[in-house]
Amino acid sequence: MRERFRVVGGAHLVGEVAVVGAKNSALKLMAVALLAVGRTTLTNVPAIADVTIMAELLRRLGVGVDYDPAAGVVVLDVPERIGHRADYELVRALRASISVLGPLVARVGEADVAVPGGDAIGSRGLDLHAAGLEALGAEVHVTHGYLVATAPGGLHGADIRLDFPSVGATENILTAAVLARGTTTIDNVAKEPEIIDIAEMLVSMGARLEGAGTSRITVHGVEALTPTEHAVVSDRIAAGTWAFAAATTRGDIEVVGGVAEHLRAPLGALEEAGCHVEVTARGFRVSAVDRRPRAFDVATLPYPGFPTDLQPFALSYNAVADGSAMVTENLFEARFRTVQELARLGADAQIDGHHVMTHGVPMLSGAPVESSDIRSGAALVIAGLVAEGDTLVSGVHHIDRGYPRFEQALRALGADVTREPDDEPPFE
């Protein structure tokens, strides 16, 4: 059943909100567990729909999965013999499914992974994944909608340089290289905290590697890994979401469990725009009470630059901030779908290629809008909080994939947000 959020405008979010493990890490760590026979336990796992989808994908590979959303625990019991085919039925709903590619090739010498679907935010080519695995000795091709990789003779070390610091390619090459013969160097890799999280879990499993968090990772292959227990790193995108929620609604939120160091670019921009930002004993706090923060330019970049996942929130923020600003999307060409929905709410924003010029207005106007991806949906809910009247945000299933109990967290901060059936067909 389709559902939507009814958002009543005029809220100033005040209070505290807790963030747990990162969606973008938990899903990948579940795939990493494939590398070791036995029982691996992940803690601090978010209670989101995507974890349920990944759990089902792994079950179909033969893995026993026990997921307790309330406790935030996933236990994965990996048998000696596992499958190698990740079907389109699940992969199309979850781009993170591609992260099983590297572990499967390393463990069983073959992988058939459907070309992924997921959010409508633009193309995410798999060329870097394929090139990296080929350098390690795999044969890779696409057939009938599946990326097929085989390495019947095993993998071997190689010197690899990525043309772009792709997070997904870094993850798949890294997880394949840990069981390859010899030493692998991977240059121009992604530096995200989630990459460091994966590397730390791999090391706890017995992998030998160094350099995670820098532009070069060196991996010394080992014959086998062992199961482990690992706590998922804090979700910096969820934490950043609440930072922008405070700034946009002129509120005051302490983000418990948030790591300010992981959000230097966005928090620094908010502070320069007039918000009060401080690190606390439990996380960080953002306040914009009794002030209208200034608009600021945004250009998305790989970490540690401004995250593309926070770009929709910058659009909602700039829509009601003081002044004009340019938002530039350098990573995903279709991530400006949020703009046309914000325009329905009365935002003054114009798209020009991969730029959006915004001119802040004092208040938006409630209207029906449709979310196209996880972050767009959450950003539209926040925009609805600074709109006159009611805003109906359809496509709630997107938001559920990234935010546990989103409406409950908002209500705890003083918002009037309710979930209700959505009988209207999605509009174009």
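An account of the accompanying structure is given in this report. (Residues numbered from 1 in each chain as written. Predicted model: local features only at pLDDT ≥ 70, side-chain atom pairs only at ≥ 80, totals over all residues. Heavy atoms only, no water.)

Focus: the overall build of the protein chain
Summing up its helical and strand segments, the protein chain has 14 helices and 26 strands in all. In terms of overall size, the protein chain behaves like a compact globule, its C-alpha atoms giving a radius of gyration of 21 Å where 428 residues would be expected to give roughly 22 Å. Along the three orthogonal principal directions, the C-alpha set of the protein chain runs to about 65 × 40 × 40 Å. Buried residues in the protein chain amount to 59% of all 428 residues. (Helix = DSSP H or I, 4+ residues; strand = E, 2+ residues; numbered from the N terminus. Rg over C-alpha atoms; globule rule 2.2 N^0.38 Å. Buried < 20%, exposed > 50% of the residue type's maximum accessible area, 1.4 Å probe, protein only.)

Here's the deal with the sheet that holds strand 3 (residues 38-43)
Pairing in this open sheet of four strands is mixed, and the strands run 4-5-3-14 from one edge to the other. Of all strands in the sheet, those with a lone pairing partner are strand 4 (64-68) and strand 14 (229-231), marking the two edges. In this sheet, adjacent strand axes meet at a mean angle of 15° when their direction is disregarded. With five bridges connecting them, strand 3 and strand 5 (residues 73-78) associate as antiparallel partners. By the bridge assignment, threonine 41 is partnered in strand 5 with valine 75. (Pairing = 2+ DSSP bridges. Axes fitted to C-alpha atoms, helices over the stretch in contact; angles between N-to-C directions.)

Regarding the sheet that holds strand 13 (residues 216-220)
Taken together, the four strands give an open sheet; going across it, the order is 10-11-13-12, and neighbouring strands pair in mixed fashion. At either margin of the open sheet sits one strand with a lone partner, and together these are strand 10 (159-161) and strand 12 (208-210). For this sheet the average axis-to-axis angle between neighbouring strands, irrespective of direction, equals 15°. Along the sheet face, helix 6 (residues 167-177) touches strand 10, strand 11 (183-187), strand 12 and strand 13 and points at about 20° away from the line of strand 13. (Contact = heavy atoms within 4.5 Å.)

Some words on the nonpolar core
With 82 residues, the main nonpolar core has Leu58, Val178, Leu202 and Leu225 as its most contacted residues. Residues contacting leucine 202, with those up to four places away along its chain left out, are Val32, Leu35, Leu174, Thr175, Val178, Ala207, Leu209 and Leu225. If you look at the next biggest cluster of nonpolar residues, it comprises 72 residues, including Ile253, Val298, Ala378 and Ala379. (Core = buried A, V, L, I, M, F, W, Y, C linked by side-chain atoms within 4.5 Å.)

Structural notes on the side chain of aspartate 197
Within the fold, aspartate 197 resides in helix 7 (residues 193-204). Of the side chains with opposite charge, arginine 236 lies nearest to the buried aspartate 197, which makes no salt bridge, at 10 Å. Beyond its immediate sequence surroundings of up to four residues, aspartate 197 is in contact with Ser25, Leu29, His230, Ala231, Val232 and Val233. (Lys, Arg positive; Asp, Glu negative; His and termini not counted. Salt bridge = Lys/Arg side-chain N within 4 Å of Asp/Glu carboxyl O.)

A look at helix 12 (residues 374-385)
In this model helix 12 runs 17 Å from its N-terminal to its C-terminal C-alpha over 12 residues, within 8% of the 16 Å that 1.5 Å per residue would give. Counting buried residues along helix 12, 12 of its 12 residues qualify, which places the element largely inside the surrounding structure. Among all positions of helix 12, only Ile374, Arg375, Ser376, Gly377, Ala378, Ala379, Leu380, Val381, Ile382, Ala383, Gly384 and Leu385 are buried. For helix 12, the capping residue at the N-terminal end is aspartate 373, with a side-chain oxygen 3.0 Å from the backbone nitrogen of arginine 375. (Expected span 1.5 Å × (residues − 1). Polar contact = N/O pair within 3.5 Å; in protein donor to acceptor, adjacent residues only side chain to side chain.)

Description of the packing of helix 4 (residues 101-108) against helix 6
The packing of two helices is summarised by the inter-axis angle and the distance between the axes. Two numbers describe how helix 4 lies on helix 6: the axes approach to 7 Å, and their chain directions differ by 15°. Classed by the angle they form, the pair helix 4 and helix 6 counts as roughly parallel. In the packing of helix 4 onto helix 6, the handedness of the crossing is right-handed. Contacts from Leu101, Gly102, Pro103 and Ala106 of helix 4 reach helix 6 at Asn172, Thr175 and Ala176. When grouped by side-chain class, the residues that make up the contact of helix 4 with helix 6 number four nonpolar, three polar and no charged. (Parallel < 35°, antiparallel > 145°, perpendicular 65-115°, else oblique. Left-handed = near helix turned anticlockwise from the far one by under 90°. Nonpolar A, V, L, I, M, F, W, Y, C, P; charged D, E, K, R; others polar.)

Comments concerning the pairing of strand 13
Sheet topology places strand 11 next to strand 13; five bridges connect them, and they run antiparallel. The residue of strand 13 that forms the bridge with threonine 183 is histidine 220. Hairpin remark: strand 12 followed by strand 13, antiparallel, with five residues in the connecting loop; positive phi at glycine 211, about 105°.

Comments concerning the pattern of salt bridges
In the structure shown here, the tally under the stated rule is 25 salt bridges. Between aspartate 390 and arginine 6 there is a salt bridge, with its nearest N and O atoms 3.2 Å apart. With aspartate 390 in strand 25 (residues 390-394) and arginine 6 in strand 1 (residues 3-8), this pair connects stretches of sequence that are 384 residues apart. With relative accessibility at 35%, the residue aspartate 390 sits in the partly exposed group. Classification of arginine 6 by relative accessible area gives partly exposed; the value is 26%. Ionic pairing is found between arginine 85 and aspartate 87, a salt bridge with its closest N-O pair at 3.1 Å.

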